[in-house]
Amino acid sequence: MAEDTTSKDYWRWTESNWHDPDMDWREGDIISAGVDVGSVSSQTVIMVDGKLYAYSNMRTGSDSPKSAENAMDWALEGTGMTLDDIHYAVGTGYGRVNVPFAKRAITEIACHARGANFMYGPTIKTVLDMGGQDCKAIRVDQKGKVVSFLMNDKCAAGTGRGMEVFADLLGVHITKVGEMSLQVDEEPPMVSSTCVVFAKSEASALLREGWPKEKVLAAYCLAMAHRVVGLLERLGIEEDFAITGGIAKNIGIVSRVEKELGIKALKPSLDTQIAGAIGGALFATALLKKERKKK
Amino acid sequence: MITAGIDVGAKNVKVIIQEDGKILGKGLVLAGLDTQASIKGAVDAALKDADLASDKVEKVFATGAGRKDVPDADDSYTEVGADAAGAIHLYPQARTVIDVGAEEGRAIRVDERGKVVDFAINERCAAGAGAFTEAMARALELPLEELGRLSLTSTKAVPMNAQCAVFAESEVVSLIHAKTEKQDIARAVHDAMATRITSMARRVGVKPDIALIGGVARNPGFVDSLQRDLETEVLIPEDPEYVSAFGAALLAAGLGK
């Protein structure tokens, strides 16, 4: 991707890993993992007896199995745990069948629903996952099971990839885009094109006309928010509502989606990018319990 | 009667001056920030090319996405109407007109009298317009002309999964990393775009003869892929990007259908 072409990589979001230093995984009965290999980012979540123990969040490389391994290695870093200590791993996401150490592959729709239920509690009914190359609106029941969903995976409008393109165009770091887009006195009219390619040329024209970056970003964020609200409205939205995925970290999008819907999204307690991997790890826990019962 | 047609497109402004169905002069200027200046530039170029003074032009019709921006036009016409008028004048036997421009693709069905029966437009998505090949040429670090020529030397069909131009760009980069030959990637790009245009054309029904107009008709790689997809030859005029402007000029003279 853009790795070797740009001198300043404005699109680069921050990778991270974490583990709970107060938990001793050696005392755990069930150690499970969920590995979400997305088109843009990959995550691994490790759970001990159904509790979050460690996670990693990093960029997906050109090779899916390698990306899965890298995300796993990074989650394990500093824990003293090795891959052999994990009893059951589930792969999910776009590259789910290419997770070498996973016993099962489960769709990201199911995993995001399950993960959102864990992150936000059983009152969550509508989940909007705004990922790198697709956007899904999911209705879930109180157990975190999928009731229905709608997905846009054909078009970059309303995805993280579209936002990366804009960050690069304006030379604004992707983590600053949301905040900056809110620094306008009043909302400008939204860019008229939903297509990222056309929106980009429209934005260039607005910049040449003398619009400040903040205003151009506001016009784009509005269009992007409008686009995903359309998806949510087709599915039918019911509270509680939450947004997962990388775009959930963009306040410029989140606040505009909330405003157009007239509904507030629940505040996340965890990194919104790991929702799918959490769901995977929870499925892994349940599957292992079932397996052990049979024996 | 001497008339002019001005086509204010997303990328270029094109002007044709005609008399009794014969082209006297043409002018093309990149549509810059100042639309008025671009229009004036293209008109002046066409007048110079025709060796005419502006007062000799009796009537002016405008067309294109920016047709409302032409202040002195006597009337304006939709792109579909102008496309059909221009293409049918050049090829009376054509029943389907496909116009692929920088930011828009159109498929138009006309009856035996040259009247528009049905049409479909793609204006929302770069995947079905010239912008798609431009983005892919950038990803391949090739001039656009080279992309078209290179495509013809490919002997292998490589599928492209992405529809969106943004995603396709990443896919092209992955194909480069996977050491896929550049000519095969070039063909994959044109095949993908041809598929999109063909499916749009099928919505209105493809009937021979087929005329292909718009700037993208100059790309031999795209033409090759489109012909393979349609399983038939298409007719391409000498100056495909001017057909809509020509159509507007014909309509101004009362020569269009």
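Residues numbered from 1 in each chain as written. Chains lettered and ligands numbered in written order. Predicted model: local features only at pLDDT ≥ 70, side-chain atom pairs only at ≥ 80, totals over all residues. Heavy atoms only, no water.

Focus: the overall build of chain A
- Within chain A, the secondary structure is distributed over 8 helices and 10 strands.
- With the C-alpha coordinates of chain A rotated into their principal frame, the extents come out at 70 × 45 × 35 Å.
- Considering chain A as a whole, with its 295 residues, one finds that 56% of them fall into the buried category.
- Considering only contacts in chain A between residues 6 or more positions apart, those separated by 24 or more positions represent 69%.
- If you sum the accessible surface of chain A, you get close to 13000 Å²; carbon and sulfur atoms cover 50% of it. (Helix = DSSP H or I, 4+ residues; strand = E, 2+ residues; numbered from the N terminus. Buried < 20%, exposed > 50% of the residue type's maximum accessible area, 1.4 Å probe, protein only. Contact = heavy atoms within 4.5 Å. Areas by Shrake-Rupley, 256 points an atom, 1.4 Å probe, with all protein chains shown as cover.)

Remarks on the confidence of the model for chain A
- Mean pLDDT over chain A: 91, with 97% of residues reaching 70 or higher.
- Below a pLDDT of 50 lies the segment residues 1-7 of chain A, which in the model reaches 12 contacts outside its immediate sequence neighbourhood of four places, other chains included. (pLDDT = per-residue confidence, 0-100.)

Observations regarding unusual backbone geometry
- Looking along the chain, the bond that leaves Glu 239 of chain A and enters Asp 240 of chain A is cis, with omega of 0°.
- Structurally, Asp 240 of chain A is set in the loop between α6 (213-235) and β10 (241-244).
- Residue Pro 208 of chain B is joined to Asp 209 of chain B through a cis peptide bond whose omega torsion reads -5°.
- Inspection of the secondary structure assignment puts Asp 209 of chain B in the loop between α6 (182-204) and β9 (210-213).
- Even without a glycine there, the phi angle at Asp 20 of chain B is positive, about 50°.
- As for its position among the elements, Asp 20 of chain B is in the loop between β2 (12-19) and β3 (22-30).

Let's talk about the sheet that holds strand β1 (residues 16-19) of chain A
Residues and elements named next belong to chain A.
- One open sheet accounts for 6 strands, arranged β1-β4-β3-β2-β5-β6; its pairing is mixed. Looking at which strands have only one partner, the edges of the open sheet turn out to be β1 and β6 (104-105).
- The sheet contact formed by strand β2 (residues 31-37) and strand β5 (residues 88-92) spans 5 bridges and is parallel. Pairing of Gly 34 across the sheet is with Val 90, part of β5.
- Sitting on the sheet, helix α8 (residues 275-294) touches β2, β3 (41-48), β5 and β6, and the angle it makes with β2 is about 140°. (Pairing = 2+ DSSP bridges. Axes fitted to C-alpha atoms, helices over the stretch in contact; angles between N-to-C directions.)

Description of the side chain of Thr 3 of chain B
All names here are of chain B.
- Along the chain, the position of Thr 3 falls in strand β1 (residues 2-8).
- In terms of polar contacts, Thr 3 uses its side chain to reach the backbone carbonyl oxygen of Ala 249, at 2.7 Å.
- The residues touching Thr 3, leaving out its near neighbours within four places in the chain, are Ile 16, Ile 17, Gln 18, Val 57, Lys 59, Ala 249, Ala 252 and Ala 253. (Polar contact = N/O pair within 3.5 Å; in protein donor to acceptor, adjacent residues only side chain to side chain.)

Things to note about empty space enclosed by the protein
Residues and elements named next belong to chain A.
- The tally for this structure, following the rule as stated, stands at 1 cavity of 30 Å³ or more.
- Taken as a whole, the largest cavity encloses approximately 60 Å³ of empty space.
- Taken together, Ala 157, Gly 158, Ser 193, Thr 194, Val 196, Ala 199, Tyr 220, Ala 223, Met 224 and Arg 227 make up the full set of residues lining the largest cavity.
- Going through the elements one at a time, α5 (196-208) and α6 are the ones with two or more residues in the lining of the largest cavity.
- Here the lining of the largest cavity takes 4 residues from α6, the largest share from any one element.
- Residue composition of the lining of the largest cavity, grouped by class: 6 nonpolar, 3 polar and 1 charged. (1 Å grid on protein atoms, 1.4 Å probe; cavity = no way out; pocket = protein on both sides within 12 Å on 5 of 7 lines; lining within 4 Å. Points joined across faces, edges and corners; volume = space filled by probe spheres on them. Nonpolar A, V, L, I, M, F, W, Y, C, P; charged D, E, K, R; others polar.)

A short note on the nonpolar core
- Counting 94 residues, the largest nonpolar core has Val 257 of chain A together with Phe 132 of chain B as its most contacted members.
- Tallying contributions element by element places α6 of chain A first for this core, with 13 residues.
- The residues contacting Val 257 of chain A, other than those within four sequence positions of it, are Ala 225, Val 228, Val 229, Leu 232, Phe 241 and Ile 243 of chain A. (Core = buried A, V, L, I, M, F, W, Y, C linked by side-chain atoms within 4.5 Å.)

Points about the packing of aromatic side chains
- Taken as a whole and assessed by the stated rule, the structure comprises 3 aromatic pairs over all chains.
- Relative to Tyr 77 of chain B, the ring of Phe 61 of chain B lies with its centre 6.2 Å away and its plane at 20°, an arrangement referred to as stacked. Placement of the pair is Phe 61 of chain B in strand β4 (residues 59-63) and Tyr 77 of chain B in the loop between β5 (75-76) and α2 (79-90), with a sequence separation of 16 residues.
- In this arrangement the basic side chain of Arg 59 of chain A is found over the ring face of Trp 13 of chain A, its NZ or CZ atom lying 5.5 Å from the centre. (Phe/Tyr/Trp six-rings, centres within 6.5 Å; stacked < 30°, edge-to-face > 60°. Lys NZ or Arg CZ within 6 Å of the ring centre and 35° of its normal.)

Focus on the side chain of Asp 191 of chain B
All names here are of chain B.
- Within the secondary structure, Asp 191 is located in helix α6.
- For Asp 191, a relative accessible area of 18% corresponds to the buried category.
- At 2.8 Å, the side chain of Asp 191 forms a polar contact with the side chain of Ser 225.
- If we ignore the near neighbours within four places in the chain, the residues touching Asp 191 are Ser 225 and Arg 228.

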